[in-house]
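# Tertiary structure, described
These are the residues of each chain, in order.
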Amino acid sequence: MKIGIFALQGAFAEHGRAFAALGADCTEIRSRSQFTGSYDGVVLPGGESTVQGKLLREEGLLAPLKEAIGGGLPVFGTCAGMILLAKRLTNDQNVWLGTMDIAVRRNAYGRQLGSFRAETEVKGVGSFPAVFIRAPYIEEVGASAVPLATVDGKAVAARQGRMLATAFHPELTDDLRLHAYFLKMIEGLA
Ligand code: GLN
């Protein structure tokens, strides 16, 4: 399985380690020429969504990535990656890829809860140790998307077809089940 990990900014190396541990063949993508049609799935890591969005645009990656996702390329976005996928941000004017039918609030937990852990039940995966860092949450899950997990009544993971998004960072734990779930999703087994 060939996984492309967008590596312009943020926690991309950790995703590479997680997918490599599951036997996937990972390549970091930093430029348009590296974004070939040969990936079975791509990953948008956590970090800073505004920086990532601008860099994707500057590198000429934003439009082709949006097109590829629209054409069915499986994508897994974590935290900032989820923000890039959202159709709408409730406290920010930007829309980056806008492929996923979710409205997302950035930095939604305020300063006191800058970082925290919460055990959350992820549909199709089970109880999961979710690590949140200046995290967004999903304020509205549109009709085309399905919430997969909630914390304190807010959706923190969702799926829409072959798009998977989490507000938290599974790549910062030793728990590989969400990465494994994404690989199964690519194979059509989840
Ligand atoms: N706060 C960041 C943003 O708005 C996301 C944080 C993260 O990816 N850990 O882009």
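Here the structure is a predicted model, which is why all the values come from computation and not from measurement. (Residues numbered from 1 in each chain as written. Predicted model: local features only at pLDDT ≥ 70, side-chain atom pairs only at ≥ 80, totals over all residues. Heavy atoms only, no water.)

### Section: the packing of aromatic side chains
For the coordinates displayed, the defined rule picks out nine aromatic pairs. The interplanar angle of 65° and the centroid separation of 5.7 Å between the aromatic rings of Tyr109 and Phe132 together place this pair among those described as edge-to-face. Taken together, the residues span a long stretch of sequence, with Tyr109 in the loop between β6 (100-105) and β7 (115-122) and Phe132 in strand β8 (residues 126-133) at a distance of 23 residues. Classification of Phe132 by relative accessible area gives buried; the value is 0%. (Phe/Tyr/Trp six-rings, centres within 6.5 Å; stacked < 30°, edge-to-face > 60°. Helix = DSSP H or I, 4+ residues; strand = E, 2+ residues; numbered from the N terminus. Buried < 20%, exposed > 50% of the residue type's maximum accessible area, 1.4 Å probe, protein only.)

### Concerning the environment of Thr90
Summarising the element assignment, Thr90 is placed in the loop between β5 (86-89) and β6. Assessed through its relative accessible area of 25%, Thr90 is described here as partly exposed. Apart from the residues within four sequence positions on either side, Thr90 is in contact with Ala103, Val104, Arg105 and Glu139. For Thr90, the side chain forms a polar contact with the side chain of Glu139, separated by 2.9 Å. (Contact = heavy atoms within 4.5 Å. Polar contact = N/O pair within 3.5 Å; in protein donor to acceptor, adjacent residues only side chain to side chain.)

### Brief notes about the site of the ligand
Around the ligand, the neighbouring residues are Gly46, Gly47, Glu48, Ser49, Cys79, Ala80, Ile83, Arg106, Asn107, Ile133, Arg134 and His169. Within the contact set of the ligand, an oxygen atom lies 2.7 Å away from a backbone nitrogen or oxygen of Ser49. Ile133 is positioned with one of its backbone polar atoms (N or O) 2.9 Å from a nitrogen atom of the ligand. Contact with the protein chains removes 97% of the 300 Å² of surface that the ligand exposes when unbound. (Near = heavy atom within 4 Å. Areas by Shrake-Rupley, 256 points an atom, 1.4 Å probe, with all protein chains shown as cover.)

### Description of helix α2 (residues 49-58)
Buried within α2 are the following residues: Ser49, Thr50, Gln52, Gly53 and Leu56. When α2 is viewed along its axis, its buried side chains cluster within an angular range of 165° and face the same direction. Looking at the packing, one finds that the buried side of α2 touches β1 (2-6), α3 (62-70) and α4 (80-85). Gly60, located one to two residues past α2, shows a positive phi value of around 70°. (Arc of directions from axis to C-beta.)

### Re the environment of Ile5
Assignment of secondary structure puts Ile5 in strand β1. Measuring from C-alpha to C-alpha, the distance between Ile5 and Glu139 comes to 27 Å, with 134 residues separating the pair along the chain. Discounting residues that sit within four places of it in the chain, Ile5 has contacts with Phe12, His15, Gly16, Phe19, Cys26, Thr27, Glu28, Ile29 and Val43.

### Looking at the side chain of Thr99
With respect to the secondary-structure elements, Thr99 resides in the loop between β5 and β6. Excluding residues that lie within four positions of it along the chain, Thr99 makes contacts with Lys66, Ile69, Leu85, Gln160 and Met163.

### Some points on the side chain of Asp101
Structurally, Asp101 is set in strand β6. Of the side chains bearing the opposite charge, Lys87 lies closest to the buried Asp101, which forms no salt bridge; the N-O distance is 4.2 Å. Each residue touching Asp101, except ones within four places of it in the same chain, is listed here: Lys87, Glu140, Val141, Gly142, Ala143, Ser144, Ala145 and Gln160. (Lys, Arg positive; Asp, Glu negative; His and termini not counted. Salt bridge = Lys/Arg side-chain N within 4 Å of Asp/Glu carboxyl O.)

### Remarks on the pattern of salt bridges
Here the structure, examined in full by the defined rule, presents six salt bridges. Salt-bridge contacts for Arg177 lead to Asp175; the nearest nitrogen and oxygen are separated by 2.7 Å. Given a relative accessible area of 34%, Arg177 falls into the partly exposed group. Through salt bridges with shared partners, a single ionic network connects Glu48, Asp92 and Arg106.

### What to know about unusual backbone geometry
Only a minority of non-glycine residues have a phi that is not negative, and only a minority of peptide bonds are not trans. Its identity is not glycine, yet Cys79 carries a phi of approximately 55°, on the positive side. By the secondary structure assignment, Cys79 is in the loop between β4 (75-78) and α4. Residue classification places Cys79 among the buried positions, given a relative accessible area of 4%. With a phi angle near 40°, Arg134 is a residue other than glycine that sits in the positive phi range. Within the secondary structure layout, Arg134 lies in the loop between β8 and β9 (137-141).

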